Amino acid sequence: MDYGLGVRNQDDDQPYELTCFAKKHGLTLPIADAVLFAKGPSRTACDTAALAFLCAVATYARKQSAR
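Residues numbered from 1 in each chain as written. Predicted model: local features only at pLDDT ≥ 70, side-chain atom pairs only at ≥ 80, totals over all residues. Heavy atoms only, no water.

Chemist: Please clarify how the nonpolar core should be interpreted in this entry.
Modeler: Considering soluble globular proteins, one finds that nonpolar side chains tend to be buried as a cluster. Ranked by size, the top nonpolar core spans 10 residues in total: Tyr16, Phe21, Ala22, Leu27, Ala32, Val35, Leu36, Cys46, Ala49 and Ala50. Elements that contribute at least two residues to this core include exactly α1 (18-25), α2 (29-39) and α3 (43-65). When residues no more than four places from it in sequence are discounted, the contact partners of Tyr16 are Phe21, Lys24, Leu36, Arg43, Cys46 and Asp47. (Core = buried A, V, L, I, M, F, W, Y, C linked by side-chain atoms within 4.5 Å. Buried < 20%, exposed > 50% of the residue type's maximum accessible area, 1.4 Å probe, protein only. Helix = DSSP H or I, 4+ residues; strand = E, 2+ residues; numbered from the N terminus. Contact = heavy atoms within 4.5 Å.)

Listed below in structure tokens is the structure:
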């Protein structure tokens, strides 16, 4: 019996296109390229890395504005 274990969304198996990924997360092309290079081809890993990067940038900006 197959209960659908291991069935994944077909889109998640396809790597991101650079400009689409950059636009989705509001990243510059060089930053998006670095994330995709480091974490690709998993869309889930790339999305998580982009979120972590944006959180780190926001934290840094808050620390700089507090000075």
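Chemist: Looking at this structure, I do not really get a nonpolar patch on the surface. What am I missing?
Modeler: A contiguous nonpolar patch, built from Phe53, Leu54 and Val57 and spanning about 210 Å² of accessible area, is present on the exposed surface. Residue position: Val57 is located in helix α3. When its relative accessible area of 40% is taken as the criterion, Val57 is described as partly exposed. (Patch = residues over 30% accessible without salt bridge, like charges linked within 9 Å, V, L, I, M, F, W, Y side chains within 5 Å. Areas by Shrake-Rupley, 256 points an atom, 1.4 Å probe, with all protein chains shown as cover. Salt bridge = Lys/Arg side-chain N within 4 Å of Asp/Glu carboxyl O.)

Chemist: Where do I start with the pattern of salt bridges in this structure?
Modeler: Oppositely charged side chains can form a pair if their charged atoms are brought close together. All chains considered together, the criterion is met by 1 salt bridge. Between Lys24 and Asp47 there is a salt bridge whose closest N-O contact spans 3.4 Å. Of this pair, Lys24 sits in helix α1 while Asp47 is found in helix α3, placing the two residues 23 residues apart along the sequence.

Chemist: Help me out: how do you make sense of α3 in this one?
Modeler: In an α-helix, one turn spans 3.6 residues; hence positions three or four apart end up facing the same way. For α3, spanning 23 residues, the distance from its first C-alpha to its last is 33 Å, which sits close to the expected 33 Å at 1.5 Å a residue. Check the buried side of α3 and you find it contacts α1 and α2. (Expected span 1.5 Å × (residues − 1).)

Chemist: Would you explain the packing of α1 against α3 in this entry?
Modeler: Two quantities define a packed helix pair, namely the angle between the axes and the distance from one axis to the other. At a minimum axis separation of 11 Å, α1 and α3 run at an interaxial angle of 45°. In terms of axis orientation, α1 runs oblique to α3. For the element pair α1 and α3, the recorded crossing hand is right-handed. Residues Phe21, Lys24 and His25 of α1 form the contact with α3, whose own contacting residues are Cys46, Asp47, Ala50 and Leu54. Across the contact of α1 with α3, the residue classes break down as 4 nonpolar, 1 polar and 2 charged. (Axes fitted to C-alpha atoms, helices over the stretch in contact; angles between N-to-C directions. Parallel < 35°, antiparallel > 145°, perpendicular 65-115°, else oblique. Left-handed = near helix turned anticlockwise from the far one by under 90°. Nonpolar A, V, L, I, M, F, W, Y, C, P; charged D, E, K, R; others polar.)

Chemist: Is there a simple way to explain the environment of Pro30 in this structure?
Modeler: Tracing the sequence through the fold places Pro30 in helix α2. Exposure remark for Pro30: the relative accessible area of 62% places this residue in the exposed category. For the pair Pro30 and Leu18, spaced 12 residues apart in the sequence, the C-alpha separation amounts to 9.3 Å.

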